[in-house]
Protein chains: 6
Amino acid sequence: MGNNIAVFRKEHFNAAHRLHNAALSDEENAAIFGRCNYPNYHGHNYEVIVKVTGEVNPQTGYVIDLKSLSELIRQEIIERFDHKNLNLDTEEFKHLNPTAENIAMVIHGILRKKIDNRYELKITLYETERNYVEYPA
Amino acid sequence: MGNNIAVFRKEHFNAAHRLHNAALSDEENAAIFGRCNYPNYHGHNYEVIVKVTGEVNPQTGYVIDLKSLSELIRQEIIERFDHKNLNLDTEEFKHLNPTAENIAMVIHGILRKKIDNRYELKITLYETERNYVEYPA
Amino acid sequence: MGNNIAVFRKEHFNAAHRLHNAALSDEENAAIFGRCNYPNYHGHNYEVIVKVTGEVNPQTGYVIDLKSLSELIRQEIIERFDHKNLNLDTEEFKHLNPTAENIAMVIHGILRKKIDNRYELKITLYETERNYVEYPA
Amino acid sequence: MGNNIAVFRKEHFNAAHRLHNAALSDEENAAIFGRCNYPNYHGHNYEVIVKVTGEVNPQTGYVIDLKSLSELIRQEIIERFDHKNLNLDTEEFKHLNPTAENIAMVIHGILRKKIDNRYELKITLYETERNYVEYPA
Amino acid sequence: MGNNIAVFRKEHFNAAHRLHNAALSDEENAAIFGRCNYPNYHGHNYEVIVKVTGEVNPQTGYVIDLKSLSELIRQEIIERFDHKNLNLDTEEFKHLNPTAENIAMVIHGILRKKIDNRYELKITLYETERNYVEYPA
Amino acid sequence: MGNNIAVFRKEHFNAAHRLHNAALSDEENAAIFGRCNYPNYHGHNYEVIVKVTGEVNPQTGYVIDLKSLSELIRQEIIERFDHKNLNLDTEEFKHLNPTAENIAMVIHGILRKKIDNRYELKITLYETERNYVEYPA
């Protein structure tokens, strides 16, 4: 890892979702997902933290420009998911259950293509203050 | 006010909503409410703070038992709104636009009937960490 | 109120306590105070916010020097209560039930004598992030 | 006050400042302001909360559109003070000591002219998590 | 690690404790533990974060059901320690000094037996907002 | 790593800084650093978290005494940087651009000499709530 350092940028979006697996019966969905399966959706203030790890550029003193990273997150993630119904309004979750785990993995997949491979990338997603996930672990 | 003291209890619920006034055209709704008017709903982690003001009971040292207040908020507010779509699933917002202002006033109306009139009651509702309301002012 | 402005300073102390009224039977205490009446004490990270309201001194631009206010709170409140058992180690709560309400009123009484009467004084005391009190209301 | 409700919007800016009263000697400034008087400035992440109180508009369910309020705060306050040296770069604090009290009063003065007088206006300014002010009290 | 993802659940309990090693003299205990050794206990609002790492179950989109994890933490940890005196009321700390380090290791030991070994487990314990520990490192 | 556990202590300081590389032209500096390059400095409430990893001392139940660690951070870091202009008032940043990355690496270098090598050391530095860095990664 040499002299690697990690930088973090936190952004947020507000979205509706419902946990549901179309391959299961309604009874199975209700048993597994409980209140999160209610048919008319509920929602969250999602907080997303993007961690980028690499070496410091000696000219700038930056690993990566956090203003550019913030702009990238806004274009690629916030514009896509903010004030949306994840199940109905997004391509990503039309056939994928929008659990926090799956949302974090989708965000990682989208940003991984836009961030140079010399950087490591990790996503933390808060669904509530008390429930959150980190990918990759 | 004599020797009055205020006690506060904070609870939370997660819900979907959409800002929309059925008396207005779609264009007017979009112009007024912007992203909050998107048709398929979005959602929030709502934080609700209930403030009860009164005199301290000398026998208990309490204004009001916060465990009972917490239980009351859970029964009357959290059960009603948590993991619900405010526009579709609740009587209160079938014909009332679920802005933070209106949600706070509805919560105040529900709890006011359940809390003795010798206490003053105030509701603070956080829609996000940066947007919140207080009723009555 | 003219041109009044309020300044706030937040400090904290960690203490053990138990809610108990010696004038009541053990059964009554258990019924009223529940887990908070357990005989061997429990504890909290208390956060205390001192609000001082007055006019701005044109020479300093201060209502009151917050460094001095912080020092006063440390001497009078933190030294007295920090890392103490409120029921056993303090004069104030030997015969007074250490509810959040009573602790806030005691703190107000102690500081009121030390702060010039041209200032208004209000105490907010957090027992937990979700339970707190404000005196006077 | 009738049926008044308060809405709050929180924004932030990062600035350098130094507490200094040019009418006092260097010794007096050092004695009064301590570390805050150091000649080469220090800085803060300021959090500003704008509270607007009024009646709910029955057509919108809003007291005031918080997106517009946020935009107003950005134009009038954040653009003016963010990433600035308050003492050197701003008209407001060239001859006024940039204490939290004075900053809050200046922000109130700027926004008061831009917000209809049927609304009450209050400013809370956090200089640090533990030091903050509210104007008017 | 393949496609591992971590999920986190945060819970809290309030307890009294005192740092003391019975194998040392009173003078040694006072010298090592300072205010934390005061004889009549003090207390904290402990925040415990349980991190579980594993693969996502494709049927549920969960690593593990956070509602079940929350319920497990409540049964095994919160019921055991909440509103207790750790030194006097618990088997775990009758002969073990209840430092944050030891509490985190005890919680890890209790939960490790209840969570399938295909999951990695890590405990973070906040004693105060500014002091916390993580086990295993 | 055997039975290693990590302990964390959080402290804070307030400082002014400006991002600028003297080897670049003014136009290049403005292009790279934007508002952070403004000539008269701006500032932040920096939060620094020091993570120390090692084995628990069976006599104390501590990895390291957090009161001593806090005292060390205050002497070596807070005294050096608090209420200072990082560019003008400190030896460390006279010729090194005070980005969050560089500040974290400097803090790591200072503390690494003062903490026994049997402990691992990691620094997290928050420049704002939404921008922070961790070294080593």
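All figures in this text were calculated on a predicted structure; none of them were measured in a lab. (Residues numbered from 1 in each chain as written. Chains lettered and ligands numbered in written order. Predicted model: local features only at pLDDT ≥ 70, side-chain atom pairs only at ≥ 80, totals over all residues. Heavy atoms only, no water.)

Superposing chain A onto chain B takes a rotation of 180° plus a shift of 0.0 Å along the axis, which leaves an RMSD of 0.0 Å. Overall, the copies show the geometry of a two-fold rotation axis. Mapped onto chain B, 100% of the interface residues of chain A are again interface residues, and the two copies thus contact each other with one and the same surface. (Least-squares fit on C-alpha atoms with pLDDT ≥ 70 in both. Contact = heavy atoms within 4.5 Å.)

A side chain with one charge can pair with a side chain of the opposite charge if their charged atoms come near. According to the stated counting rule, one finds 78 salt bridges over all chains in the structure shown. The partner of C:Glu79 in a salt bridge is E:Arg35, and the shortest N-O contact between them spans 3.8 Å. Of this pair, C:Glu79 sits in helix H2 (residues 66-81) while E:Arg35 sits in the loop between helix H1 (26-33) and strand E2 (42-54), on two different chains. Of the residues examined, C:Glu79 reaches a relative accessible area of 47% and is grouped as partly exposed. Taken together, the shared-partner salt bridges in this structure form one network comprising A:Glu76, A:Arg80, A:Glu92 and A:Lys114. (Salt bridge = Lys/Arg side-chain N within 4 Å of Asp/Glu carboxyl O. Helix = DSSP H or I, 4+ residues; strand = E, 2+ residues; numbered from the N terminus. Buried < 20%, exposed > 50% of the residue type's maximum accessible area, 1.4 Å probe, protein only.)

When the terminal C-alpha atoms of helix H2 (residues 66-81) of chain B are compared, their 21 Å separation across 16 residues agrees well with the 22 Å that a helix rising 1.5 Å per residue should span. Taken as a whole, H2(B) has its buried residues at B:Leu66, B:Leu69, B:Ser70, B:Leu72, B:Ile73, B:Glu76, B:Ile77, B:Ile78 and B:Phe81. Residues of H2(B) that are buried sit in contact with strand E1 (5-17), strand E2 (42-54), strand E3 (84-85), helix H3 (86-89) and helix H4 (100-112) of chain B together with strand E5 (131-135) of chain C. For H2(B), the capping residue at the N-terminal end is B:Asp65, with a side-chain oxygen 3.0 Å from the backbone nitrogen of B:Lys67. Once H2(B) finishes, B:His83 follows within two positions and takes phi at roughly 60°, a positive value. (Expected span 1.5 Å × (residues − 1). Polar contact = N/O pair within 3.5 Å; in protein donor to acceptor, adjacent residues only side chain to side chain.)

The partner chain B presents 24 residues to the 24 residues of chain A that form the contact. Overall, the association of chain A and chain B removes approximately 1900 Å² of surface from exposure, summing both partners, and the carbon and sulfur fraction of that is 46%. Our count for the contact surface shared by chain A and chain B stands at four salt bridges. Mapped onto the side of chain A that touches chain B, the elements with two or more residues apiece are strand E1 (5-17), strand E2 (42-54), helix H2 (66-81), strand E3 (84-85), helix H3 (86-89) and strand E4 (120-128) of chain A. Considering every element that reaches the side of chain A that touches chain B, the biggest residue donor is E2(A), with five residues. Split by residue class, the side of chain A that touches chain B holds seven nonpolar, nine polar and eight charged. (Buried area = accessible area lost by both parts, 1.4 Å probe. Nonpolar A, V, L, I, M, F, W, Y, C, P; charged D, E, K, R; others polar.)

Moving on to the packing of aromatic side chains. Residue and element names in this part refer to chain B. Counted by the stated rule, this structure contains 36 aromatic pairs over all chains. Ring geometry for Phe 81 and Phe 93: centres 5.8 Å apart, planes at 50°, overall tilted. Placement of Phe 81 in helix H2 and of Phe 93 in the loop between H3 and H4 is noted, with a sequence separation of 12 residues between them. The exposure class assigned to Phe 81 is buried, which follows from its relative accessible area of 0%. Judged by its relative accessible area of 2%, Phe 93 is buried. (Phe/Tyr/Trp six-rings, centres within 6.5 Å; stacked < 30°, edge-to-face > 60°.)

So, about the environment of E:Pro98. All names here are of chain E. If you trace the backbone, Pro 98 turns up in the loop between helix H3 (86-89) and helix H4 (100-112). The class of Pro 98 is buried, set by a relative accessible area of 1%. Separated by 12 residues in sequence, Pro 98 and Leu 86 have C-alpha atoms that sit 6.9 Å apart. Those residues in contact with Pro 98 that lie beyond four places of it in its chain are His 17, Arg 18, Leu 19, Leu 86, Asn 87, Phe 93 and Ile 103.

A word on the side chain of C:Arg130. Of note, C:Arg130 is situated in the loop between strand E4 (120-128) and E5. Among the residues examined, C:Arg130 registers a relative accessible area of 9% and is labelled buried. At a separation of 3.4 Å, a polar atom in the side chain of C:Arg130 contacts the side chain of B:Glu47. For C:Arg130, the contacting residues outside a window of four places in its chain are A:Glu129, B:Phe8, B:Arg9, B:Lys10, B:Glu11, B:His12 and B:Glu47.

Below, the discussion takes up the arrangement of the chains. Separated throughout, chain B and chain E approach each other most closely at a C-alpha pair spaced 14 Å apart. Separated throughout, chain C and chain F approach each other most closely at a C-alpha pair spaced 14 Å apart.

Moving on to the pairing of strand E2 (residues 42-54) of chain F. All names here are of chain F. Among the 13 residues of E2, 13 are classified as buried, and the element is accordingly described as predominantly covered. Here E2 shows two buried faces, one formed by His 42, His 44, Tyr 46, Val 48, Val 50, Val 52 and Gly 54 and the other by Gly 43, Asn 45, Glu 47, Ile 49, Lys 51 and Thr 53. Sheet topology note: the strand E1 (residues 5-17)/E2 ladder contains 13 bridges and is antiparallel. Directly across from Ala 15, in E2, lies its bridge partner His 44. Across seven bridges, the pairing between E2 and strand E4 (residues 120-128) is antiparallel. The partner of Val 52 across the bridge, within E4, is Leu 121. (Pairing = 2+ DSSP bridges.)

Our focus in this paragraph is unusual backbone geometry. A cis amide bond links D:Tyr135 to the next residue, D:Pro136, at an omega of -5°. Note that D:Pro136 resides in the segment after strand E5 (131-135). A positive phi angle, close to 75°, is found at C:Tyr41, a residue other than glycine. The topology assignment puts C:Tyr41 in the loop between helix H1 (26-33) and strand E2 (42-54). What makes C:Tyr41 buried here is its relative accessible area of 13%.

Moving on: the side chain of C:His17. All names here are of chain C. For His 17, the location among the structural elements is in strand E1 (residues 5-17). Looking at His 17, the relative accessible area reads 1%, which means it is buried. Reaching out from His 17, the side chain makes a polar contact with the side chain of His 44 at a distance of 3.5 Å. Among the polar contacts listed, one links the side chain of His 17 to the side chain of Tyr 46, at a separation of 3.4 Å. When neighbours within four sequence positions are excluded, His 17 is seen to be in contact with Tyr 41, His 42, His 44, Tyr 46, Leu 86, Asn 87, Pro 98 and Glu 127.

The predicted model of chain A has a mean per-residue pLDDT of 97, with 99% of residues at 70 or higher. The complex prediction reports pTM at 0.97, with the ipTM value standing at 0.96. (pLDDT = per-residue confidence, 0-100.)

A word on the packing of helix H2 (residues 66-81) of chain D against helix H4 (residues 100-112) of chain D. Residue and element names in this part refer to chain D. Contact geometry of H2 with H4 gives a least axis separation of 10 Å together with a crossing angle of 140°. Put simply, H2 runs oblique to H4. Note on packing geometry: the crossing formed by H2 with H4 is right-handed. Mapping the contact onto sequence places Leu 72, Glu 76, Ile 77, Arg 80 and Phe 81 in H2 and Val 106, Ile 107, Ile 110 and Leu 111 in H4. (Axes fitted to C-alpha atoms, helices over the stretch in contact; angles between N-to-C directions. Parallel < 35°, antiparallel > 145°, perpendicular 65-115°, else oblique. Left-handed = near helix turned anticlockwise from the far one by under 90°.)

Moving on to H2(A). Of all the bends in H2(A), the greatest measures close to 40° and is centred on A:Arg74. Contacts made by the buried residues of H2(A) are with E1, E2, E3, H3 and helix H4 (100-112) of chain A together with strand E5 (131-135) of chain F. (Bend = angle between axes of the 7 residues up to and from the residue.)

On to the environment of D:Leu121, then. Residues and elements named next belong to chain D. Relative to the assigned elements, Leu 121 resides in strand E4 (residues 120-128). For Leu 121, a relative accessible area of 6% corresponds to the buried category. Residues Leu 121 and Asn 40, 81 residues apart in the sequence, show an inter-C-alpha distance of 34 Å.

Here we take up the pairing of strand E4 (residues 120-128) of chain B. Residues and elements named next belong to chain B. As paired elements, E4 and strand E5 (residues 131-135) share five bridges and run antiparallel to each other. What sits directly across from Thr 128, in E5, is Asn 131. If you look at the hairpin formed by E4 and E5, you'll find two residues sitting between the two strands.

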